[in-house]
Amino acid sequence: IWGAVATGAIVLGVSIWFGRRTVGAVKLIDAAVQKIAFNSPPAKVYLPDRDEFGILGDHLNRMSVDLSRQINQLQEAQTRLATVLEGMGEGVITVDYEEQILFANSAAGELLNFDPQEAVSRPLLEAVRNHTLHEAVAQAIAGQNPGRREIEIGENHDRILGASFTQMQGDPCPGIVIVLNDFTDLRRLELLRQEFIANVSHELKTPLAAIKAYAETLQRGALDDGVNRKRFVER
């Protein structure tokens, strides 16, 4: 009886010790996982024993280091991309399949007169009330190619933007990228060129008509007219 009692006590003590050791290891691993999930890796767990929990802890530590490196690389790439997009003169807007704004750079905000930071997660039509832009975005998300559109903006529609639309990779389409260019000065120069050509054409009509008349007169016999041919050629 006493032997059985002693054996039971020993077994109970070993079970309690092993249970506490197991619970402690599980708590350490759980704490490390919580840090990785809700904070930022690397989060390490220290288990001195080389049993299954120790091996699991080593795997978790390596995974944490690898995950931390990948996150740092993604953050660096995102920072570089954001710097490039902010430095572009063209406006860039990305929207998801529900036409909600995911990103917009400062140039887009200046061209379309909205705050890029406040516009994130808002519908594009709410931030930018332009029917032509909204229609082209809807067509691009639906898989139709709207081509390059010209969008008139401003109170008097005196500014002209060129917009191109590119689908993001994925099936179904997760969203599109909109690139905006200000064509206002270019269109103004084209208008000036057209006006200049029209004015020049109008101004040249009279002298050209006179030159043609004198040339035809000379051709039709005035070359033999010693009195008038010199005056015609001089004119």
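Only a predicted model underlies this, so the values are computations on that prediction, with no experimental measurement involved. (Residues numbered from 1 in each chain as written. Predicted model: local features only at pLDDT ≥ 70, side-chain atom pairs only at ≥ 80, totals over all residues. Heavy atoms only, no water.)

Peer 1: So what's going on with helix H7 (residues 184–219)? Residues and values would help.
Peer 2: The terminal C-alpha atoms of H7 lie 50 Å apart, and with 36 residues this matches the ideal 52 Å at 1.5 Å per residue to within 8%. In H7, a bend of some 35 degrees at Lys205 exceeds every other bend along the element, and Pro207, a proline, comes one to four places later. Looking at the residues trailing H7, positive phi occurs at Gly221, about 135 degrees. (Helix = DSSP H or I, 4+ residues; strand = E, 2+ residues; numbered from the N terminus. Expected span 1.5 Å × (residues − 1). Bend = angle between axes of the 7 residues up to and from the residue.)

Peer 1: Run through helix H6 (residues 131–141), naming residues and quoting values.
Peer 2: Taken together, the buried positions of H6 are occupied by Leu133, Ala136, Val137, Gln139, Ala140 and Ile141. Tucked into the core, H6 has its buried residues touching strand E1 (91–96), helix H3 (106–112), helix H5 (124–127), strand E3 (149–153), strand E4 (159–167) and strand E5 (175–182). Just past H6, the residue Gly143 takes up positive phi, approximately 95 degrees. (Buried < 20%, exposed > 50% of the residue type's maximum accessible area, 1.4 Å probe, protein only. Contact = heavy atoms within 4.5 Å.)

Peer 1: Outline unusual backbone geometry, listing residues and values.
Peer 2: Residues other than glycine seldom take positive phi values, yet Glu99 does so here, at roughly 65 degrees. You can call Glu99 buried: its relative accessible area is 15%. For Asn113, which is not glycine, the phi dihedral falls at a positive 60 degrees. Considering the arrangement of structural elements, one finds Asn113 in the loop between H3 and helix H4 (116–119). On the accessibility criterion, Asn113 (71% relative accessible area) is exposed.

Peer 1: I'd love a proper account of the sheet that holds E4, names of residues and values included.
Peer 2: Taken in spatial order, the five strands make up an open sheet running E2-E1-E5-E4-E3, and their pairing is antiparallel. The strands lining the two open edges of the sheet, one partner per strand, are strand E2 (101–104) and E3. On average, adjacent strands in this sheet sit at an angle of 25 degrees to one another, irrespective of strand direction. Pairing analysis gives three bridges linking E1 to E2, with the strands arranged antiparallel. Pairing of Ile93 across the sheet is with Ala104, part of E2. Of the strands in this sheet, E1, E3, E4 and E5 touch H6, which is tilted by about 150 degrees from E3. (Pairing = 2+ DSSP bridges. Axes fitted to C-alpha atoms, helices over the stretch in contact; angles between N-to-C directions.)

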